[in-house]
Structures are given as C-alpha cells and as structure tokens.
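Analysis of the macromolecular model
Here is how the chains run, residue by residue.
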Amino acid sequence: MTGFDLRILRDARHVLVFTGAGVSARSGIPTFRDALGGLWSRYDPASLATADAFRQDPALVWGWYQWRRAQVLAARPNPAHLAIAELARRVPRLTLVTQNVDDLHERAGSQEVIHLHGSLHAPRCFACARAYAGSDAEPARVEEGERIEPPRCLRCNGRIRPGVVWFGEALPERPWREALAAARACDLLLVVGTSGLVMPAAQLPQVARQNGAKVVHVNLDAEPADGATTFTLAGDAAEILPRLLLQMADDQAGP
Ligand code: OAD
C-alpha cells in the first residue's frame, strides 16, 4: 500500500465509493473486460446489450439476462461488499455508487445504493416502461445460452425487458444526478474494481478530482498513481478493503 496514508481515510468527511464488476468478482460474478472469463471476451455486446438486439431476438437477450440473474441469485456478497457496508458505519458520510446490476451491495447491508446501470432485478415493459412483478420473470435454473421468451406486460402486452442500461441508452436521470452531486461534494473517492472505460460513469473520478477530492483506486490491475492526490492499492478488493478496515480500527485504538 505504498504512498497511501491511512489518515486520508480516517480524516475523510464524505467518502464516495464507486464500484464496478471487480467488486463482485470474488462472489463468482464474471466481470466484463477481464481477458480470462470477462463477459465481453466471450459475448458480443452488440447482439446482447442493445435495444436493437432485443428487438431482433428477444428470447436470446432475455434468456442471457435471466442466466446472469440466476447467477446473482445463487451468489453471496463477498468481503469487499461487506467491508464497504461496514465502512459506511465508520465515516461521517458515505455515498455508494455502483455500475453493477447485481444486488450484492444491498445484501451485504449497504443502504441507498445508487445504481447507474440499472438492476437485473427490476424488469420492465419494453413498450410502456411499467415495472413487471410477475413471478415468471424470476429465473429458476437457467442454462448458459438458453433462449427464453420474455413475459408480456399486464397492461399493454409489450415484451418485458431487463431493467438494465443498454449501450446507446441514457443513464437513469436521478441516480446520475445524485452520483455527480456526490462526486462534487466528497473529499475522498474510492474507485473499486472498475476499468473506468464506460462513459459517462467513468467521468466521476475526474469530477471528484476537479473538486478537490483525493482518489484511491482499488484494483487487481491498478496503475501507479502520483501519490499526492491519487493513490492505488493494487490487489483483490475482497482482501484490500477488509484490511483497510482493520488498519483503521488499529489506528483509532492507537497508543
Ligand atoms: P470491467 O470488466 O470493465 O472491469 C472490471 C475491473 O475490475 C478491471 O479493471 C479489473 O482489473 C478489476 N478487477 C477484477 N477482479 C477484481 C478484484 N477481485 N478486485 C479488484 N479489482 C478487480 O467492469 P466495469 O468497469 O464494471 O455496463 O464495467 C463497466 C460497465 O461496462 C458495466 O457496468 C457494464 C459493462 O458494459 C453495462 O452493462 C451498461
């Protein structure tokens, strides 16, 4: 943890935690861009994660998201999710913004999670956008590659789509506004397990930095940083974050 002084965390008044797929990796949920096992190294996003793809082959797209949703339902939060929930109890203020469409932060005990890319667990009508709560949207066992005809909207008979943000779609307005406000207001941003390649979410670190926050990257693949305003903690978030909490506790116990 070179260059990173624990005081940065201890003295923070408002911590923004911004997470990506890497935070759920140890729960067995695949990331997108990791060369080994990343979803986008095995699947073409254009044929699965766009509105056009859904129009062309709704059963393929719905089946793929139901497969991912079933994976999430069978998974459990890992020590990274738990450490973030615990950190919220130790700092004066914490805002949690995630790009993940799973609910593992919530199940770890985090409150008010801001989901920038929607949720696998909030299907809605492709035509009229009404939320869908039918039990046939809940996957039992889904095989990888299984085609499943999406259910139909009870109001307009439109097809039900996954409640995630697809490529080419805008981020949901309120979560994005709240995330930007937190990036402007925080004094410490923890960026955990994201490649930072998908816009506009990837703007958050820049916004935070421009507004004077320190930025700490926790990533298996962390690039070295300047060590003045930007820091990197390279490694598995499920090990680094619990260790940070332990060090914080030791530090507070102090001599
Ligand atoms: P990526 O797959 O692009 O990046 C995952 C990042 O997590 C990489 O930088 C890895 O090095 C890091 N990583 C992997 N395992 C880790 C671990 N155990 N501990 C710490 N870091 C780890 O995933 P995202 O950045 O989340 O969007 O991708 C952003 C968006 O692209 C997703 O929300 C999704 C995707 O297309 C939509 O679906 C709209």
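Residues numbered from 1 in each chain as written. Predicted model: local features only at pLDDT ≥ 70, side-chain atom pairs only at ≥ 80, totals over all residues. Heavy atoms only, no water.

**Examining the UniProt feature "binding site: substrate" (unreviewed entry) in the protein**
Quick reminder of the rule: UniProt positions are given in the numbering used here, feature names are shortened, and annotations may be inferred rather than shown by experiment. Note on conventions: DSSP H or I runs of at least 4 residues are helices, E runs of at least 2 residues are strands, and numbering of each starts at the N terminus. To sort residues, take the accessible area from a 1.4 Å probe on protein chains only and compare it with the maximum for the residue type: under 20% means buried, over 50% means exposed, and anything in between is partly exposed. Pairs of residues are marked as contacts when any of their non-hydrogen atoms sit within 4.5 Å.
As annotated in UniProt, the feature "binding site: substrate" (unreviewed entry) corresponds to Tyr65 and Arg68 in the numbering used here. Assignment of secondary structure puts tyrosine 65 in helix α4 (residues 58-74). Overall, tyrosine 65 belongs to the buried group, its relative accessible area being 4%. Here tyrosine 65 is in contact with Leu48, Ala49, Leu120, Pro162, Val164 and Trp166, once residues within four sequence places are set aside. Looking at where arginine 68 falls in the secondary structure, it is placed in helix α4. Residue classification places arginine 68 among the buried residues on the basis of a relative accessible area of 9%. Sequence-distant contacts of arginine 68, defined by excluding residues within four places in its chain, comprise Phe32, Leu39, Val101 and Leu120.

**A short note on the side chain of asparagine 100**
Position of asparagine 100 among the secondary structure elements: in the loop between β2 (93-98) and α6 (104-107). Apart from residues lying up to four places away in sequence, asparagine 100 is in contact with Thr19, Gly20, Ala21, Val23, Ser24, His115 and Gly118.

**With respect to the pairing of strand β6 (residues 188-192)**
Threshold: Between any two strands, at least two bridges found by DSSP are needed for them to pair.
In terms of burial, β6 is a largely internal element, five of the five residues being buried. Side chains Leu188, Leu190 and Val192 of β6 all project onto a buried face; the interleaved residues Leu189 and Val191 project onto the opposite face, where all are buried too. Bridging between strand β1 (residues 14-19) and β6 involves five bridges; their strand directions are parallel. Its bridge partner being in β6, valine 15 is matched across the sheet by leucine 188. Where β6 and strand β7 (residues 214-219) come together, five bridges link them in parallel fashion. By the bridge assignment for β7, valine 191 is matched with histidine 217.

**Remarks on the site of the ligand**
Quick reminder of the rule: We define proximity as follows: a residue is near a molecule or strand when any one of its heavy atoms falls within 4 Å of that partner. In protein, a polar contact means a hydrogen-donor-capable atom and an acceptor-capable atom, both N or O and within 3.5 Å, with residues adjacent in sequence counting only if both atoms are side-chain atoms; elsewhere, any N or O pair within 3.5 Å suffices. The protein chains shown are the only cover counted for residues, whose accessible areas, like all others here, come from Shrake-Rupley with a 1.4 Å probe. Basically, the charged four are Asp, Glu, Lys and Arg, the nonpolar ten are Ala, Val, Leu, Ile, Met, Phe, Trp, Tyr, Cys and Pro, and anything else, Gly included, counts as polar. Throughout, the edges of the domains are those of an automatic or database domain assignment.
The full set close to the ligand counts 23 residues, and Phe32, Arg33, Thr194, Ser195 and Asn219 are the nearest of them. For the ligand, an oxygen atom lies 2.8 Å from a polar atom in the backbone of alanine 21. In this structure, leucine 220 approaches the ligand through a main-chain N or O atom, which is 3.2 Å from a nitrogen atom. Burial of the ligand by the surrounding chains reaches 94%, relative to a free accessible area of 790 Å². For the shell around the ligand, the per-class residue count stands at nine nonpolar, 10 polar and four charged. Lining the shell around the ligand are residues from two domains, each supplying at least three of them: domain 1 (1-28 + 77-119 + 171-255) and domain 2 (30-74 + 124-161).

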